[in-house]
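Descriptive structure summary
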Amino acid sequence: KRSTKSKRSKKKKKAAVAGRMAREPTEKWNLLYDRLVHYHATHGGSTKIAASDKANDDLRKWLVNQRSQLNQSLTKAEEQGESLSPHLQSKIDRFEALGVDIRNSNRRLQYVARWNEMYAQLCAYKEAHGDCLVPTEKSEYSKLATWIYQQQKEYRKFKEGKGNSSKLTADHVVKLNDIGFVFERREKFLSWEERLEQLRQFKATHGHLKVPTQQTSDGIIGLFQGC
């Protein structure tokens with residue numbers, strides 16, 4: 001019940017924020033925007049306000065908040081095939097006139113380039129090894145293994161319908177699926193002999209065979225559980 005109430009509360013807050021963003025700019029909004037114009041003019045055409053600049057700390061926080069909220073509104077409109085309200089579009093245009101990247105286009109381009117690069121590495125790994133089960137214990141594959149973990153994490157969000165918070169797109173899922181990507185994380189399979197060796201090491205370390213049911217630092221879960 002608490003979880004349901006919390007979700008409803010978050011939805012109401014988001015709806016309220018979206019409503020405020022869609023309305024005509026307030027006097028306070030215009031004053032802060034004018035300050036940003038002045039900052040832009042006196043700092044070589046930059047709107048990047050340093051956290052150490054205490055005199056403009058409120059302006060920096062306002063700008064961060066505006067970018068986040070406008071980007072969410074823009075993304076939602078694009079996903080639903082809708083047009084932005086005139087006031088929202090006006091705000092975006094005014095920020096972009098100062099060089100503020102509301103659409104996060106540079107960051108998105110970097111993300112797409114990075115994703116394609118790692119995907120190509122995974123394809124090469126599969127070509128050489130016949131699967132996408134990249135080992136995590138080998139340093140030569142550490143970056144690829146980390147990337148795979150991130151994709152699995154993003155897939156869980158994607159599968160749960162958290163499209164706005166997941167960086168994984170439907171196109172990404174199709175591409176990964178085409179090469180036999182394992183979306184769900186699984187514990188590494190160990191043979192009976194490997195489990196027996198784990199048990200020997202556990203006894204040598206702890207002096208008994210009363211293996212706890214929870215995961216131990218030895219990597220053993222229960223007595224041969226999972227064999």
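This report concerns the structure included in the present document. (Residues numbered from 1 in each chain as written. Predicted model: local features only at pLDDT ≥ 70, side-chain atom pairs only at ≥ 80, totals over all residues. Heavy atoms only, no water.)

Observations regarding the side chain of Gln 151
- With respect to the helices, strands and loops of the structure, Gln 151 is situated in helix 6 (residues 142–159).
- A relative accessible area of 3% places Gln 151 in the buried class.
- Among the polar contacts made by the side chain of Gln 151, one reaches the side chain of Trp 115 at a distance of 2.8 Å.
- Dropping the residues within four chain positions of it, Gln 151 is found in contact with Tyr 111, Trp 115, Leu 168, Leu 176 and Phe 181. (Helix = DSSP H or I, 4+ residues; strand = E, 2+ residues; numbered from the N terminus. Buried < 20%, exposed > 50% of the residue type's maximum accessible area, 1.4 Å probe, protein only. Polar contact = N/O pair within 3.5 Å; in protein donor to acceptor, adjacent residues only side chain to side chain. Contact = heavy atoms within 4.5 Å.)

Side note on the pattern of salt bridges
- Within this structure, the stated rule accounts for seven salt bridges.
- The salt bridge involving Asp 58 is made with Arg 35; its shortest N-O contact spans 2.8 Å. Of this pair, Asp 58 sits in helix 3 (residues 57–80) while Arg 35 is found in helix 2 (residues 27–42), placing the two residues 23 residues apart along the sequence.
- When its relative accessible area of 42% is taken as the criterion, Asp 58 is described as partly exposed.
- Put simply, Arg 200 and Glu 197 hold a salt bridge, and the shortest N to O gap is 3.5 Å. Taken together, the residues span about one helical turn, with Arg 200 and Glu 197 both in helix 8 (residues 192–206) at a distance of three residues.
- Given a relative accessible area of 51%, Arg 200 falls into the exposed group. (Salt bridge = Lys/Arg side-chain N within 4 Å of Asp/Glu carboxyl O.)

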